[in-house]
Amino acid sequence: MTFTQKDEDLLALLRLNAREPVASLARKLKLSRTTVQDRIKRLEEQGVIAGYAVRLASAVDKSSIRAYVTISVEARRQVEVGRALTKLPQIEALHTVAGKFDLVALARTGSAEDMDRMLDSVGLIPGVTRTESAIILSTKVDRR
């Protein structure tokens, strides 16, 4: 897939506010409303835009505990460990990574006690050999 500069600019604007009216996007991009609608539709059909999501207000976000959890897995057990982790509702994202650890999860819970219980559950999954967690204190930049 190739993108024009206008496609890149449109995607950047949508990252900031996916609910921005098409007319406003068109003004910022110096394009017609129809052209912007067509570009959005094409990007959706091509799978470039996979969907739209809700970002919580910082006040709501602050009422929860978030952590990055790095996970080491026994050789050849990554798939089954991944399946087990996806069943935990506290896991918001799961990534395979290269380096000292095999997986990195982003977890969210309502309290420190809930996070502790969830981390215990992760450690009990067959194939998990080691975990480390880093509690997120604040977010300085989030361009998602």
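On a predicted model such as this, the values are computed, not experimentally measured, just so you know.

## A short note on the overall build of the protein
Here's step 1: Scanning the protein for helices and strands turns up 6 helices and 4 strands.
Here's step 2: Against the globule reference of 15 Å for 144 residues, the protein gives a C-alpha radius of gyration of 20 Å, more extended than a compact globule.
Here's step 3: For the protein, buried positions account for 31% of its 144 residues.
Here's step 4: Counting only contacts in the protein whose residues sit at least 6 apart along the sequence, the fraction spanning at least 24 positions is 63%.
Here's step 5: Carbon and sulfur atoms make up 52% of the accessible area of the protein, which amounts to about 9,900 Å² in all.

## Focus on the confidence of the model for the protein
Here's step 1: Summing up the model confidence of the protein, the mean pLDDT is 91 and the portion of residues at 70 or higher is 94%.
Here's step 2: Per-residue pLDDT, averaged within each element of the protein, yields its smallest value for helix H4 (residues 58-61) (64) and its largest for strand S4 (residues 128-135) (97).

## So, unusual backbone geometry
Here's step 1: Positive phi, close to 60 degrees, is recorded for lysine 30, a residue that is not glycine.
Here's step 2: Tracing the sequence through the fold places lysine 30 in the loop between helix H2 (22-29) and helix H3 (33-45).
Here's step 3: Of the residues examined, lysine 30 reaches a relative accessible area of 71% and is grouped as exposed.

## Thoughts on the packing of helix H1 (residues 5-16) against H2
Here's step 1: Relative orientation of the contacting elements H1 and H2 amounts to 135 degrees, with a least axis distance of 11 Å. Here H1 lies oblique to H2, going by the angle between them. Once H1 is placed against H2, the crossing between them reads as right-handed. Across the interface between the two elements, Lys6, Asp9, Leu10, Leu13 and Leu14 of H1 pack against Leu25, Lys28 and Leu29 of H2.
Here's step 2: Its residues placed into classes, the contact of H1 with H2 shows 5 nonpolar, no polar and 3 charged.

## Digging into helix H6 (residues 112-123)
Note: α-helices contain 3.6 residues per turn, so residues at a spacing of three or four share the same orientation.
Here's step 1: With 12 residues, H6 should cover 16 Å at 1.5 Å per step; its first-to-last C-alpha distance of 16 Å lies within 8% of that length.
Here's step 2: Turning to H6, its buried residues number three or more, namely Met115, Met118, Leu119 and Val122. Buried residues of H6 fall within an arc of 100 degrees about the axis and therefore sit on the same side.
Here's step 3: Lining the buried residues of H6 we find strand S1 (65-73), helix H5 (78-86), strand S2 (91-96), strand S3 (103-109) and S4.

## Quick look at the nonpolar core
Here's step 1: Among the nonpolar cores identified, the biggest contains 17 residues, and Ile71, Val81, Leu85 and Met118 are the most heavily contacted of them.
Here's step 2: Counting only elements with at least two residues in this core, the list comes to S1, H5, S3 and H6.
Here's step 3: Beyond its immediate chain neighbours, meaning those up to four positions away, methionine 118 contacts Leu88, Gln90, Ile91, Ala107 and Thr109.
Here's step 4: Residues Leu11, Leu29, Val36 and Ile49 belong to the second largest nonpolar core, which totals 11 residues.

## Some remarks on the sheet that holds S3
Here's step 1: Sheet architecture is open: 4 strands sit in the order S2-S3-S1-S4, paired in antiparallel fashion. Each edge of the open sheet carries a strand with a single partner, namely S2 and S4. Going across the sheet, the axis of each strand differs from the next one's by a mean of 20 degrees, ignoring polarity.
Here's step 2: Relative to S4, S1 runs antiparallel, the two sharing 7 bridges. Following the sheet pairing, valine 73 is matched in S4 by valine 128.
Here's step 3: Relative to S1, H6 is tilted by about 15 degrees, and along the sheet it contacts S1, S2, S3 and S4.

The rules behind each value
- Residues numbered from 1 in each chain as written.
- Predicted model: local features only at pLDDT ≥ 70, side-chain atom pairs only at ≥ 80, totals over all residues.
- Heavy atoms only, no water.
- Helix = DSSP H or I, 4+ residues; strand = E, 2+ residues; numbered from the N terminus.
- Rg over C-alpha atoms; globule rule 2.2 N^0.38 Å.
- Buried < 20%, exposed > 50% of the residue type's maximum accessible area, 1.4 Å probe, protein only.
- Contact = heavy atoms within 4.5 Å.
- Areas by Shrake-Rupley, 256 points an atom, 1.4 Å probe, with all protein chains shown as cover.
- pLDDT = per-residue confidence, 0-100.
- Axes fitted to C-alpha atoms, helices over the stretch in contact; angles between N-to-C directions.
- Parallel < 35°, antiparallel > 145°, perpendicular 65-115°, else oblique.
- Left-handed = near helix turned anticlockwise from the far one by under 90°.
- Nonpolar A, V, L, I, M, F, W, Y, C, P; charged D, E, K, R; others polar.
- Expected span 1.5 Å × (residues − 1).
- Arc of directions from axis to C-beta.
- Core = buried A, V, L, I, M, F, W, Y, C linked by side-chain atoms within 4.5 Å.
- Pairing = 2+ DSSP bridges.

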